[in-house]
Amino acid sequence: MTNITEQRIMVHCDFSESMNEAIVHGLRIATIFRKELCLFHPLQKKSKAEKLAVQKALTTVIHRLKKDVSDIPMSSLTLKGDLAGCIDRVAEQYDGVMLILTSENIKAKIQALQVSQIPFLFVKGDSPESLSYKKVMLPVDFRKVMKDTSLWGSYFGRFNQADVSILSATEKSTDNSTMIRKNLKFIEQLYMKLHLDFRVTSTSKGSFGLPHQALERCHSEKYDLLIIPSSKNISLIDLIIGLPETKILKKAGHLPVLCINPKRDMYILCD
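Residues numbered from 1 in each chain as written. Predicted model: local features only at pLDDT ≥ 70, side-chain atom pairs only at ≥ 80, totals over all residues. Heavy atoms only, no water.

1. A few points about the pattern of salt bridges
Under the defined criterion, the tally for this structure stands at 4 salt bridges. The partner of glutamate 36 in a salt bridge is arginine 8, with the nearest N and O atoms 3.1 Å apart. With glutamate 36 in strand β2 (residues 35-43) and arginine 8 in strand β1 (residues 5-12), this residue pair connects regions lying 28 residues apart in the sequence. A relative accessible area of 16% places glutamate 36 in the buried class. Residue aspartate 141 is joined to arginine 143 by a salt bridge in which the shortest nitrogen-to-oxygen separation is 2.7 Å. With a relative accessible area of 27%, arginine 143 lands in the partly exposed category. (Salt bridge = Lys/Arg side-chain N within 4 Å of Asp/Glu carboxyl O. Helix = DSSP H or I, 4+ residues; strand = E, 2+ residues; numbered from the N terminus. Buried < 20%, exposed > 50% of the residue type's maximum accessible area, 1.4 Å probe, protein only.)

Structure follows, in structure tokens:
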């Protein structure tokens with residue numbers, strides 16, 4: 001492998017039974033984007049013994065991986081604190097550009113996503129179909145964050161020759177409809193400039209129902225990646241019944257879902 005850049009694909013390692021699934025996806029994403037793979041564990045406790053035990057365990061995993069995959073640089077990272085408290089340092093000090101984690105025990109992970117400057121890729125399972133990343137679904141609504149989600153769609157198109165399907169919401173509000181048209185124009189111009197394979201379709205669903213419509217199409221038409229933004233304005237009702245992205249992740253099954261935080265400026269992928 002050539003032209004490995006300094007940015008890192010981070011894998012959240014919690015030593016659960018499903019941790020290996022996240023690592024397998026991490027290897028795949030690191031290969032696609034030509035990045036270093038970094039196994040990351042936030043240390044809930046501050047004891048030196050725990051830190052040494054975790055570092056030893058991660059080193060063992062890396063040695064095992066390198067026997068089968070020798071052309072991807074690998075490293076490990078332990079930081080004190082919970083995931084939400086560590087995620088800024090992961091991006092700013094350790095050049096993390098994406099965090100890959102399982103969709104289990106989702107509450108704390110969603111809380112960390114709410115403050116993150118890098119996208120979270122939620123995965124479940126490691127079947128060959130879920131590791132393709134060749135057929136990408138990109139829902140587009142009236143929000144400005146669509147430019148960030150579309151950039152990540154373009155990365156999979158550029159580096160993995162993925163086909164990107166753009167699913168557009170329909171809004172009754174004139175202002176929101178105008179914003180959707182502007183978002184679509186930006187995305188189409190960007191993708192044509194990059195010579196990407198994409199198609200645009202519309203749905204009768206409004207912006208708030210769009211992610212669920214996109215998820216249904218992903219399942220029925222065998223997509224292997226859904227890209228959505230997380231919530232920006234969180235209401236009391238959201239706290240009671242759950243955030244929209246949490247509901248999507250619970251229904252996604254083995255479909256990888258890339259979530260992007262609209263509250264922060266995102267780090268971009270370097271060639």
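There's plenty left to go through after this.
2. Side note on a positive patch on the surface
Together, Lys144, Lys147, Lys182 and Lys232 make up a positively charged patch on the protein surface. Along the chain, lysine 182 falls in helix α6 (residues 174-193). Lysine 182 gets classed as exposed once you look at its relative accessible area, which sits at 54%. (Patch = residues over 30% accessible without salt bridge, like charges linked within 9 Å, V, L, I, M, F, W, Y side chains within 5 Å. Areas by Shrake-Rupley, 256 points an atom, 1.4 Å probe, with all protein chains shown as cover. Lys, Arg positive; Asp, Glu negative; His and termini not counted. Charge placed at Lys NZ, Arg CZ, Asp CG, Glu CD.)

3. Notes on the pairing of strand β3 (residues 74-80)
Most of β3 sits out of view: 5 of its 7 residues are buried. Looking at chain direction, β2 and β3 are connected through 7 bridges and run parallel. What sits directly across from cysteine 38, in β3, is serine 75. (Pairing = 2+ DSSP bridges.)

4. Topic: helix α7 (residues 210-220)
Listed as buried for α7 are Leu210, Pro211, Gln213, Ala214, Leu215 and Cys218. Looking at the buried residues of α7, the elements they touch are β6 (135-140), β7 (163-168), β9 (225-229) and α9 (244-251). After α7 finishes, the residue lysine 222 shows a positive phi value of roughly 60°. (Contact = heavy atoms within 4.5 Å.)

5. What about the pairing of β6?
The element β6 is extensively covered by neighbouring structure, given that 5 of its 6 residues are classed as buried. Crossover handedness for the path β6 to helix α5 (residues 146-160) to β7: right-handed. Where β6 and β9 come together, 2 bridges link them in parallel fashion. Pairing of methionine 137 across the sheet is with leucine 226, part of β9. (Right-handed = clockwise from strand over helix to strand, strands pointing away.)

6. Remarks on the packing of aromatic side chains
Considering all chains together, one arrives at 8 aromatic pairs under this definition. Each ring, one from phenylalanine 120 and one from phenylalanine 122, has its centre 6.2 Å from the other, and the planes form 55°; the classification is tilted. With respect to class, phenylalanine 120 is no different from phenylalanine 122; both count as buried. Seen from their ring centres, tyrosine 191 and phenylalanine 198 are 5.5 Å apart, and the 80° between their planes marks the pair as edge-to-face. (Phe/Tyr/Trp six-rings, centres within 6.5 Å; stacked < 30°, edge-to-face > 60°.)

7. Some remarks on the nonpolar core
Counting residues in hydrophobic clusters, the biggest one holds 88 residues, and the most contacted among them are Ile29, Phe33, Trp152, Phe156 and Leu226. Not counting chain neighbours up to four residues away, the residues in contact with isoleucine 29 comprise Ile9, Met98, Ile100, Leu121, Tyr133 and Phe156. (Core = buried A, V, L, I, M, F, W, Y, C linked by side-chain atoms within 4.5 Å.)

8. Focus on helix α1 (residues 19-33)
What sets the pattern is the α-helix's 3.6 residues per turn: residues three or four places apart point alike. Compared with the 21 Å implied by 1.5 Å per residue over 15 residues, the 21 Å span of α1 between its first and last C-alpha is a close match. Arginine 34 lies just past α1 and shows a positive phi near 60°. (Expected span 1.5 Å × (residues − 1).)

9. So, the side chain of aspartate 141
Mapped onto the fold, aspartate 141 is located in the loop between β6 and α5. Once you skip the residues sitting within four places of it in the chain, aspartate 141 turns out to touch Met146, Ala169, Ile180, Asn183, Ser207 and Leu210.

Just geometry here; none of it tells us what the structure is for.
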